[in-house]
Amino acid sequence: DAGVTQTPRHEVAEKGQTIILKCEPVSGHNDLFWYRQTKIQGLELLSYFRSKSLMEDGGAFKDRFKAEMLNSSFSTLKIQPTEPKDSAVYLCASSTGGALEQYFGPGTRLTVL
Amino acid sequence: GDSVTQTEGQVALSEEDFLTIHCNYSASGYPTLFWYVQYPGEGPQLLFRASRDKEKGSSRGFEATYDKGTTSFHLRKASVQESDSAVYYCALSRGGSAKLIFGEGTKLTVSS
């Protein structure tokens, strides 16, 4: 089975731009997660979907970050407008649900100038 | 709220050294505890997990024992290799939830 796919792998944006990151979870997985990873903050949960329903939307990220599950096999994370402090690696993960293994994609490295 | 604390931010060892990375958690009941490993350019991947007191998780020579008394899940390996160089994350989930709470991560560097 294919793992979690994320595109693009690298993104460079100017401050104020809108960017959209994409994620395809493992086929058959019901849960999907978006994380932000930085050296200072580590792994921070941005959004959590269960069977396409939004279960959690990270409070600190609500204003400019919006994650959507367009169908069970595709999710997007929109950042609008981008700021330099958004520079980070954005990871997508999926799982079958419950306290089971999360499968992570390779991440998208975002640089905002 | 629930939390996970990893004491060491960075660990530098030589090949064949013994490794310990400390992980302590704060959560009520019996959370499920995880160790994830992240290699450069990749996402984290599961090493192993444990969900009951005194349960030992193990994989690839790494092991950790769930200790409710000390609320700990320390990662150990008897003899590290250069290929073990990576970032290691301790995490927990509670109540059967899929949501993970991660520790800060520990960067392990092993030199030959």
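Up top is the structure these notes are about.
Residues numbered from 1 in each chain as written. Chains lettered and ligands numbered in written order. Predicted model: local features only at pLDDT ≥ 70, side-chain atom pairs only at ≥ 80, totals over all residues. Heavy atoms only, no water.

Focus: unusual backbone geometry
Omega for the bond connecting A:Thr7 with A:Pro8 falls within 30 degrees of zero, at -10°, which places this linkage in the cis form. Assignment of secondary structure puts A:Pro8 in the loop between strand E1 (5-7) and strand E2 (10-13). The residue after A:Gln80, namely A:Pro81, is reached through a cis peptide bond having omega -10°. On the secondary structure map, A:Pro81 appears in the loop between strand E8 (74-79) and strand E9 (88-95). Phi at B:Arg60 takes a positive value of approximately 55°, unusual for a residue other than glycine. (Helix = DSSP H or I, 4+ residues; strand = E, 2+ residues; numbered from the N terminus.)

Observations regarding the state of the cysteines
Cysteine pairs can be covalently joined through their sulfur atoms, and such a bond is termed a disulfide. Counted under the stated rule, the structure contains two disulfides over all chains. Between A:Cys23 and A:Cys92 runs a disulfide, and the two sulfur atoms are separated by 1.9 Å. Taking the sign of the S-S torsion, -70° for the link of A:Cys23 and A:Cys92, the bridge is left-handed. Placement of the pair is A:Cys23 in strand E3 (residues 19-24) and A:Cys92 in strand E9, with a sequence separation of 69 residues. Assessed through its relative accessible area of 1%, A:Cys23 is described here as buried. The exposure class assigned to A:Cys92 is buried, which follows from its relative accessible area of 0%. Residue pairing for B:Cys23: its cysteine sulfur links by disulfide to B:Cys90, the two sulfurs lying 1.9 Å apart. Across the disulfide from B:Cys23 to B:Cys90, rotation about the S-S bond amounts to roughly -65°, and the bridge is consequently left-handed. With B:Cys23 in strand E4 (residues 23-26) and B:Cys90 in strand E10 (residues 86-93), this pair connects stretches of sequence that are 67 residues apart. (Disulfide = S-S within 2.5 Å. Buried < 20%, exposed > 50% of the residue type's maximum accessible area, 1.4 Å probe, protein only.)

Let's talk about the interface of chain B and chain A
Chain B puts 18 residues into the contact, and the matching count from chain A is 21 residues. Summing both sides of the interface, chain B and chain A together bury roughly 1,500 Å²; the carbon and sulfur share of this comes to 56%. Where chain B packs against chain A, one counts one salt bridge. Between B:Lys99 and A:Glu56 there is a salt bridge whose closest N-O contact spans 2.8 Å. Seen at the junction of chain B and chain A, the total is seven residue pairs in polar contact (both at pLDDT 80 or more). Where the side of chain B that touches chain A is concerned, the elements lending two or more residues are strand E5 (32-38), strand E6 (45-50) and E10 of chain B. By residue class, the composition of the side of chain B that touches chain A is eight nonpolar, seven polar and three charged. (Contact = heavy atoms within 4.5 Å. Buried area = accessible area lost by both parts, 1.4 Å probe. Salt bridge = Lys/Arg side-chain N within 4 Å of Asp/Glu carboxyl O. Polar contact = N/O pair within 3.5 Å; in protein donor to acceptor, adjacent residues only side chain to side chain. Nonpolar A, V, L, I, M, F, W, Y, C, P; charged D, E, K, R; others polar.)

As far as function goes, none of this settles anything; it's purely spatial.
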